[in-house]
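# What the coordinates show
Each chain is listed here by its residues.
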Amino acid sequence: MNDDEIAKKIRGYLDQSAAGLKPGTVYRLQLARSEALACFGDPKRAAELAIAGAGGTLGRRHVLADVRLWLGVLLIVGGVLYYQYWQSAQQAREIEDTDAAILTSELPIEAYLDRGFQNWLKHSEP
Amino acid sequence: MAALAAACISAPGVAGPLTPRAPAWSELSPAERQVLAPLAPDWDQLEAQRRQKWLGIARRYPNLAPAEQQRIQQQMRAWSELTPAQRQAAREQYKSLKKLPPEQRQEVVQKWQEYQQLPPETRRELSARPGTPPAGAKPSPGETQSR
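Residues numbered from 1 in each chain as written. Chains lettered and ligands numbered in written order. Predicted model: local features only at pLDDT ≥ 70, side-chain atom pairs only at ≥ 80, totals over all residues.

### Thoughts on the overall build of chain B
Which entries qualify depends on this criterion: The helix and strand labels rest on DSSP assignments: H or I over at least four residues marks a helix, E over at least two residues marks a strand, and numbering proceeds from the N terminus. C-beta atoms are first placed from the backbone for all residues, and any pair lying within 7 Å is then listed as a contact.
The number of helices and strands found in chain B is eight helices and zero strands. Put simply, 63% of the contacts in chain B that link residues at least 6 apart link residues at least 24 apart.

### Digging into the overall build of chain A
Put simply, the rule reads: Our exposure labels follow a C-beta count within 10 Å of each residue's own C-beta, placed from the backbone: buried means 20 or more other C-beta atoms, exposed means 12 or fewer, and partly exposed covers the counts in between.
On a plain count of helices and strands, chain A comes out with six helices and zero strands. Across chain A, helices and strands are ordered from the amino to the carboxyl terminus as α-α-α-α-α-α. Out of the 126 residues belonging to chain A, those deemed buried represent 13%.

### Concerning the interface of chain A and chain B
It is common to give the size of an interface as the accessible area lost on bringing the parts into contact. Stated precisely, the cut-off is as follows: Ten residue types, Ala, Val, Leu, Ile, Met, Phe, Trp, Tyr, Cys and Pro, are classed as nonpolar, four, Asp, Glu, Lys and Arg, as charged, and the remainder, Gly among them, as polar.
Tallying the contact residues gives 34 residues for chain A and 44 residues for chain B. Elements with a contribution of two residues or more to the side of chain A that touches chain B: α4 (58–104), α5 (109–113) and α6 (115–123) of chain A. It is α4(A) that provides the largest number of residues to the side of chain A that touches chain B, a total of 18 residues. In the side of chain A that touches chain B, the residues fall into 20 nonpolar, eight polar and six charged.

### Thoughts on the confidence of the model for chain B
What counts, and what does not: Confidence scores labelled pLDDT are given residue by residue by the predictor and lie between 0 and 100.
The share of residues in chain B with pLDDT of 70 or more is 76%, and the mean pLDDT across the chain is 81. Of the two predicted TM-score estimates for the complex, the pTM is 0.62 and the ipTM is 0.75.

Structure (structure tokens):
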């Protein structure tokens, strides 16, 4: 059997198999072909496709990892900001409570500031 | 996104959104202005945090007993005129008195009245005694800025 006969046989088998392909597979092959042809004149894009082809969806994974990283950073920053806001609100609330209590108390403000009174209180403690 | 994160992390960026609003006297409601009337002359010079605190106290005001409302009105301006260190000292002292047993707490008002009856030289001597006054407390009677 010479080379021509072998080529004819192989072509026959390939045509037979191609005829049995599912419509979805044919469509995907057509898409891949047109994309490959479109990138034929763009070496950079062709290289990206080659990487994607070699490593599955490597490029897309890289972008997804980037988005996850930034979402994580934003979550942490948001958490820190919220904690600071909460802490500052708590502090303000505590000061407001204390000041309201001092201002409404039966003791005048002077009593809270008078060192002599504080010493006298300690002295007269049972 | 990187710029946004950097802006959020940087200190001035954090301080910005956490700074409370400082409403001007003219922006207060008539009810708030009535309660906070003793502070009217100095209101627009108060820091934002202090304005918010006073507004918080004004919100509580309607729920207070008439005697408490009167005391707040009487002491508001004097309290506002204290230095930050004096206010902090008074808060510390209030907290330490609050820890006393209820029966002793009741007596403190009575003891203040008794203390007021002491001769001035005795009070001066008591003031001069070493103690552990809260930071910023006035060293002797008559030196306080409050009324």
